[in-house]
Amino acid sequence: MTKSIINERDFKTLKILMNLVEDLYSQIVREEIPHIKIPTRTKLNIEFDEESEVWVYGDRLSERSAKRARGAYQLLKTAYVIDFLKYQLEENRSSTLRELYYISEGWGKAKFREQQESDRLIEDLEIITDVQREYFHITPEEDGANIFGPIRLRERLRSGDTREFHCIDDVGEKGYPIPSNVDNLEFIEHDAKMVIAIETGGMYARLIENNFYDEYDAILVHLKGQPARSTRRLIKRLNEELKLPVVVFTDGDPWSYRIYASVAYGSIKSAHLSEYMACPSAQFIGIRPVDIEKYKLPTDRLNDQDIKALESMKTDPRFDTEFWREQIELQLKMNKKAEQQALARYGLDYVTSVYLPERLTEMGII
Amino acid sequence: MTDFLTIAEELAKRQRAISVAEFFEKNRHILGFDSKRKSLITAVKEAVDNSLDACEETGILPDVRVEIERVEGEKDVYKVIVEDNGPGIVKEQIPNVFGRLLYGSRFHSIRQSRGQQGIGISAAVLYAQLTTGKPTRIISRIHPSKPAYYYELMINTQTNEPEIVVERETEAPFPRGTRVELELEGQYVAGYKEGTIQEEGGSNQSEENSFRMIGVKQSVYGYLKSTAIVNPHARIFFRDPYGFEELFERATTELPKKAIEIKPHPEGIDLGTLMKMMRYTERTKIISFLENEFSRLGRRTAKEICAIANVDPDMNPREASREEAMRILKALKSVKISAPPLDCLSPIGEEMLKKGLMKEFNLNPKEGDFVEAVTRQPSVYLGNPFLVEAAIAYSEKFPKEEKVELIRYANRTPLLYQQGGCAITQAIEKINWRNYGLSQPGGTGNLPIGPAIIVVHVASTNVPYTSESKEAVASVDEILSEIELAVRAVARKLKIFLDRQEILKKRKEKEEIISEVLPLFVEKISKMLNKEKPDISPIIAKIMGNVLIQSKVERNGELYRVIIRLKNYDDAMRSFRLYQSVKGDVVDAKDGKIKRMDGMVTLSWDVKLKPGEEKFIEYFSKGEPQKPVVDGIEEEMVTIGMIGGDSI
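Residues numbered from 1 in each chain as written. Chains lettered and ligands numbered in written order. Predicted model: local features only at pLDDT ≥ 70, side-chain atom pairs only at ≥ 80, totals over all residues. Heavy atoms only, no water.

**A word on the overall build of chain A**
A tally of regular secondary structure across chain A gives 13 helices and 17 strands. Contacts spanning at least 24 positions in sequence make up 72% of the contacts within chain A whose residues lie at least 6 apart. Approximately 17,300 Å² of chain A is accessible, and the part contributed by carbon and sulfur atoms is 46%. (Helix = DSSP H or I, 4+ residues; strand = E, 2+ residues; numbered from the N terminus. Contact = heavy atoms within 4.5 Å. Areas by Shrake-Rupley, 256 points an atom, 1.4 Å probe, with all protein chains shown as cover.)

**What to know about helix H12 (residues 322–334) of chain A**
Between its terminal C-alpha atoms H12 of chain A stretches 18 Å, which fits the 18 Å expected from 13 residues at 1.5 Å a residue. Those residues of H12 of chain A hidden inside the fold are in contact with helix H8 (254–264), strand S15 (283–286), helix H10 (289–294), helix H11 (304–313) and strand S17 (336–337) of chain A. (Expected span 1.5 Å × (residues − 1).)

**Observations regarding the pattern of salt bridges**
Scanning all chains against the criterion turns up 68 salt bridges over all chains. For Lys86 of chain A, the salt bridge goes to Glu90 of chain A, with nearest N and O atoms at 4.0 Å. With Lys86 of chain A and Glu90 of chain A both in helix H2 (residues 69–91), this residue pair falls 4 residues apart, about one helical turn. Judged by its relative accessible area of 22%, Glu90 of chain A is partly exposed. Taking the shortest distance from any N to any O, the salt bridge between Arg233 of chain A and Asp183 of chain A comes out at 3.0 Å. Here Arg233 of chain A, found in helix H7 (residues 229–242), pairs with Asp183 of chain A, found in the loop between strand S10 (176–177) and strand S11 (186–190); they are 50 residues apart in sequence, far enough to count as distant. What makes Arg233 of chain A buried here is its relative accessible area of 14%. Given the relative accessible area of 31%, Asp183 of chain A is considered partly exposed. Among the charged side chains, a network of salt bridges with common partners joins Lys79, Glu83, Arg137, Glu152, Arg179 and Glu181 of chain B. (Salt bridge = Lys/Arg side-chain N within 4 Å of Asp/Glu carboxyl O. Buried < 20%, exposed > 50% of the residue type's maximum accessible area, 1.4 Å probe, protein only.)

**Points about the packing of aromatic side chains**
Remark: the centre distance and the inter-plane angle together describe each pair of aromatic rings, the angle taken between the planes. All names here are of chain A. Applying the stated criterion to the full structure yields 33 aromatic pairs over all chains. Measuring from centroid to centroid gives 5.2 Å for Tyr260 and Phe284, while their planes differ by 50°, and the two rings are tilted. A residue pair is termed long-range when its members are at least 10 positions apart, and Tyr260 in helix H8 and Phe284 in strand S15 qualify at 24 residues. Like Tyr260, the residue Phe284 is buried in the burial classification. Measuring from centroid to centroid gives 5.2 Å for Phe319 and Trp324, while their planes differ by 85°, and the two rings are edge-to-face. Per residue, the accessibility class of Phe319 equals that of Trp324, and both read buried. Ring pairing ties together the aromatic residues Tyr257, Tyr260, Tyr265, Phe284, Phe319, Phe323 and Trp324, which thus form one cluster. (Phe/Tyr/Trp six-rings, centres within 6.5 Å; stacked < 30°, edge-to-face > 60°.)

**Notes on the environment of Ala373 of chain B**
All names here are of chain B. Position of Ala373 relative to the elements: it lies in strand S9 (residues 370–375). You can call Ala373 buried: its relative accessible area is 1%. Sequence separation between Ala373 and Ala390 is 17 residues; the distance between their C-alpha atoms is 5.6 Å. If we ignore the near neighbours within four places in the chain, the residues touching Ala373 are Glu350, Leu353, Lys354, Ala390, Ala391, Val490 and Lys493.

**Comments concerning helix H9 (residues 299–309) of chain B**
Residue and element names in this part refer to chain B. All of the buried residues in H9 are Thr301, Ala302, Ile305, Cys306 and Ala309. Seen end-on, H9 carries its buried residues on one side only, within an arc spanning 140°. The exposed set on the far side of H9, more than 90 degrees from its buried face, consists of Arg300, Lys303 and Ala307. Tucked into the core, H9 has its buried residues touching helix H8 (286–293) and helix H10 (322–334). (Arc of directions from axis to C-beta.)

**What about the pairing of strand S12 (residues 194–198) of chain A?**
All names here are of chain A. Among the 5 residues in S12, 5 count as buried, and that is most of the element. Here S12 shows two buried faces, one formed by Met194, Ile196 and Ile198 and the other by Val195 and Ala197. The pairing of S12 with strand S13 (residues 218–222) spans 5 bridges and is parallel. Bridge assignment links Ile198 to a residue of S13, and that residue is His222. (Pairing = 2+ DSSP bridges.)

**Things to note about the sheet that holds strand S17 (residues 574–583) of chain B**
Residue and element names in this part refer to chain B. As summarised here, the arrangement of the 4 strands in space is S19-S20-S17-S22, forming an open sheet in which the pairing is antiparallel. A strand with exactly one partner marks an edge of an open sheet, and here the two such strands are strand S19 (593–597) and strand S22 (629–631). With strand direction ignored, the average angle separating the axes of adjacent strands in the sheet is 25°. As defined by bridge partners, S19 adjoins strand S20 (residues 600–609) across 5 bridges and the pair is classed as antiparallel. Along S20, the bridge assignment pairs Lys595 with Thr602. (Axes fitted to C-alpha atoms, helices over the stretch in contact; angles between N-to-C directions.)

**Examining the nonpolar core**
Residue and element names in this part refer to chain A. Core analysis: the largest hydrophobic core is formed by 79 residues, its most contacted members being Ile196 and Phe249. Of all the elements, H8 adds the most residues to this core, at 6 residues. Mapped onto the domain boundaries, this core takes at least three residues apiece from domain 1 (2–139) and domain 2 (146–362). (Core = buried A, V, L, I, M, F, W, Y, C linked by side-chain atoms within 4.5 Å. Domains from an automatic or database assignment.)

**Things to note about the confidence of the model for chain B**
All names here are of chain B. Overall, the predicted model of chain B reaches an average pLDDT of 84, with 89% of residues at or above 70. Across residues 1–19, where pLDDT falls below 50, the model places 42 contacts with residues more than four positions away in sequence or in other chains. Confidence drops under a pLDDT of 50 for residues 194–211, and excluding neighbours within four residues, the segment shows 31 contacts in the predicted structure. What the predictor reports for the complex is a pTM of 0.62 with an ipTM of 0.71. (pLDDT = per-residue confidence, 0-100.)

**Examining the interface of chain B and chain A**
Bring the parts together and some accessible area is lost; that lost area is often taken as the interface size. Counting residues at the interface gives 25 residues for chain B and 25 residues for chain A. When the two sides are added together, the surface that chain B and chain A hide from each other amounts to roughly 2,500 Å², 71% of it contributed by carbon and sulfur. Here chain B is connected to chain A by 5 salt bridges. For Glu22 of chain A, the salt bridge identified is with Lys531 of chain B, shortest N-O distance 3.0 Å. Between chain B and chain A we count 9 residue pairs in polar contact (both at pLDDT 80 or more) in total. (Buried area = accessible area lost by both parts, 1.4 Å probe. Polar contact = N/O pair within 3.5 Å; in protein donor to acceptor, adjacent residues only side chain to side chain.)

**Focus on the sheet that holds S11 of chain A**
Two pairing modes exist for strands in a sheet, parallel and antiparallel, and in both the strands are linked by backbone hydrogen bonds. Residue and element names in this part refer to chain A. Here we have 3 strands laid out as an open sheet, ordered S9-S8-S11, and antiparallel in their pairing. Here the strands that pair on one side only, and so sit at the sheet edges, are strand S9 (162–166) and S11. Put simply, the sheet's adjacent strands are angled 20° from each other on average, direction ignored. Alignment of strand S8 (residues 151–156) against S11, held across 4 bridges, turns out to be antiparallel. Directly across from Arg152, in S11, lies its bridge partner Glu189. Each of S8 and S11 is contacted by H7, which is oriented at about 55° to S11, the strand it contacts most.

**Some details on the layout of surface pockets**
Residues and elements named next belong to chain A. If you add up the space inside the second largest pocket, you get close to 810 Å³. If you go around the second largest pocket, you meet 20 residues; those closest to its centre are Arg9, Arg156, Arg158, Asn181 and Asn184. Among the secondary structure elements, those contributing two or more residues to the lining of the second largest pocket are helix H1 (8–29), strand S6 (138–139) and S8. Residues belonging to the lining of the second largest pocket are distributed by class as follows: 5 nonpolar, 8 polar and 7 charged. Lining the lining of the second largest pocket are residues from two domains, each supplying at least three of them: domain 1 (2–139) and domain 2 (146–362). (1 Å grid on protein atoms, 1.4 Å probe; cavity = no way out; pocket = protein on both sides within 12 Å on 5 of 7 lines; lining within 4 Å. Points joined across faces, edges and corners; volume = space filled by probe spheres on them. Nonpolar A, V, L, I, M, F, W, Y, C, P; charged D, E, K, R; others polar.)

**Examining the side chain of Glu482 of chain B**
Among the structural elements, Glu482 of chain B can be located in helix H13 (residues 477–529). Ignoring anything within four residues of it in the chain, the contact list for Glu482 of chain B reads Arg376, Gln377, Ser379, Phe386 and Val388 of chain B.

**Thoughts on the environment of Asp606 of chain B**
All names here are of chain B. Along the chain, Asp606 turns up in strand S20. Between the C-alpha atom of Asp606 and that of Tyr579, which follows or precedes it by 27 residues, the distance is 9.1 Å. At a separation of 2.8 Å, a polar atom in the side chain of Asp606 contacts the side chain of Arg577.

As structure tokens, then:
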């Protein structure tokens, strides 16, 4: 088998990774206990970047040092992962996060105990090297969300050819499945006036069935819970390149507010990618705690986890605004939460004929 | 053994009756018979306490059998059977012991014993009769040569007189001992099982219902297990309504020291007690009453008291008025009387406490468990002698994230309820446990968290309880401070243990790093970079805080140049002697001492290194150097390495 010629981008990535290994090696030669410094990844260490208007990591650094067993194991695993990435880049192979986890089965002491650990290590490497995991040839297996609406796209096919299609006319009833690397997508033309990002599949389907996209010229994006990176990146691109306003439509509970926050401000776990994925102008359309009262929605009581999550939001700098402080207090006080599909109590069309138009008008979008 | 007969008869003579049956019928909650669940435990507890007390008083190793059966066809009705190998009860006294409230030999004596007020077992008899209408069945035998007697008894609640339903000679299933069978309303909780416990409405003790190492504390099983811990000389067999059986085996054949009876000390007497004593005394003159019925009170002081109180020394104490009693009490308190004797207390003892904990929780200090106990010297509060004992067991087997399990005892009896209101709990919560290596969320005022059991035993001739139901020790300053001192004394031992564990853990962790992880890491990255593996001995020395001895050998034809680098990574000064042997002659030893033997040359240097100090030794030889050896410093504190090549 002939060794494939490594392309320039992969060569650069490999160089960055190997520099890291060089660093570790020279630490040993210098008689330093091997260590890596990376930004602390907690809500205590994210700060607002005035320029890009997103939340990024602050100056706090954590040290992974071989002084302690934990750190020593992390370094050993890092070395094994980089060795594996080296192989991928040199041989032009790629793998999913899950495959990486299973590959480590054969690494003896460097084996990961759970996938969360290997996922985190890849994120660490992204932060340390300032290179995204796609460039390591590591892809998520998170199954892409969908997009539906008046926009024409061009995508690159595996064969190397390209294909153009319209996201209403040329797609199935669920829309176009968002690929894992959306930077390869080209926007050709569109008639859209806004982007609506929707948490649940049921609501996404409802808006399609009710022709909401047509009536209000809206691109609908299904977030599928906490959105994948590719979904967030695509929303960011629609907002930035096409100047479309973005609204996020979720359930009325603390977990959903976090979904909104990760679209708008970036997530704590991947604040290193905020500038690339966060969409600071995205607005929260609901369900807000105040809507639960205003629209008299059917509710559930908050459980212990909900209350804990709301309490924790109080110290999350992303929610440190007057609006969110009020909403959090209100929700804790009324001790209730509501799903977005609870709007159906007033009929299947209520959401598209009353709730969304009312809210969009309030927000000045229509 | 021949004395049992006479002992039983002697006990009988001293028993007296106090008629309060009716009062207790209306106030049965203060005796621990408020909820169905608690009533069942209390009935077992009273019977078992009686058995253990009787055995100990007569020097018998207790063998107690507890059985609980569900009564068919009835809701919440159980049969409680408690059988012992104790001294037995003489025939004439059986009705009085079981069929009369406040009838007991212990009421007027001052001594540490489980039952102090003589209301226990008869209250259980009364409770049984009130809830099921059934009489209590008793079989007792005082000697193998004597017949056993069978009784069915009830209590006349108007007169506090026993009502004998059946009385006959019978065949006993034992040569000596007593068997009580009560049929009562109750609720059985299988305390050995994990799971939720139904709590009846009304009683609010949910905080104490979590399942812990001991099982559900507020259950018959929990009570028996707690009892077994502090009575390692007792063998207790338990069979529950589900057929579950457990034998709490004895761990020693040594009986606890017998508690000696003392008379009340004037300091702790109140008016009610004094009047009661005067009413029931056999003395006919107040002066001899004072002289004989009190501890530490002689004829002269008695006379003095009569004079101060302005009462006739020859007056019959039974005829004293309330007014006169008050004057006597005042006089009693005004005269100087020495402290009461302290040898009347019977501690469990440090060794026995440890044995009890080890056997009930399968602990073994040789396998890393910690069990320590402290028995304090006796002390006095209000004229009552008391002493405190404490023990702590710590084991990885116990839950780590929960509050420590506190087991409280008063006079060897477990206190199952009202943990929050007990002086023992207060004293423990007052301690800052972080100083002793346990976490304590919320700080002082809370129980610590960790895989530990804390046992506290308060022994006294008169334990001050917060209420008649004897569930919590009252907060008496002297007792609180003794509890704190006892617990702190064991906690200090725990701290030493935990510190040692921590050091061992860190050492193990470091060894894992240097012997397994670091070599793999260095191998991997060297291979990836296609570079030579660097010598990691300086890094190992740094991690371990060791002295580094790193050699470098350069060969030039016949000649070897040896450079030894010495560096102290410890934070203490290190002095040692370094040896290195060479196969062949040494050309230039520089400042090394030379010793030649069988063609080998051994060089040695005396080295002294301050913390962080680095030194170099150099010499030339015509042979290969061997691995260096040190003397005067432990091997684990030295890391030996070599630059350029495998270690020598």
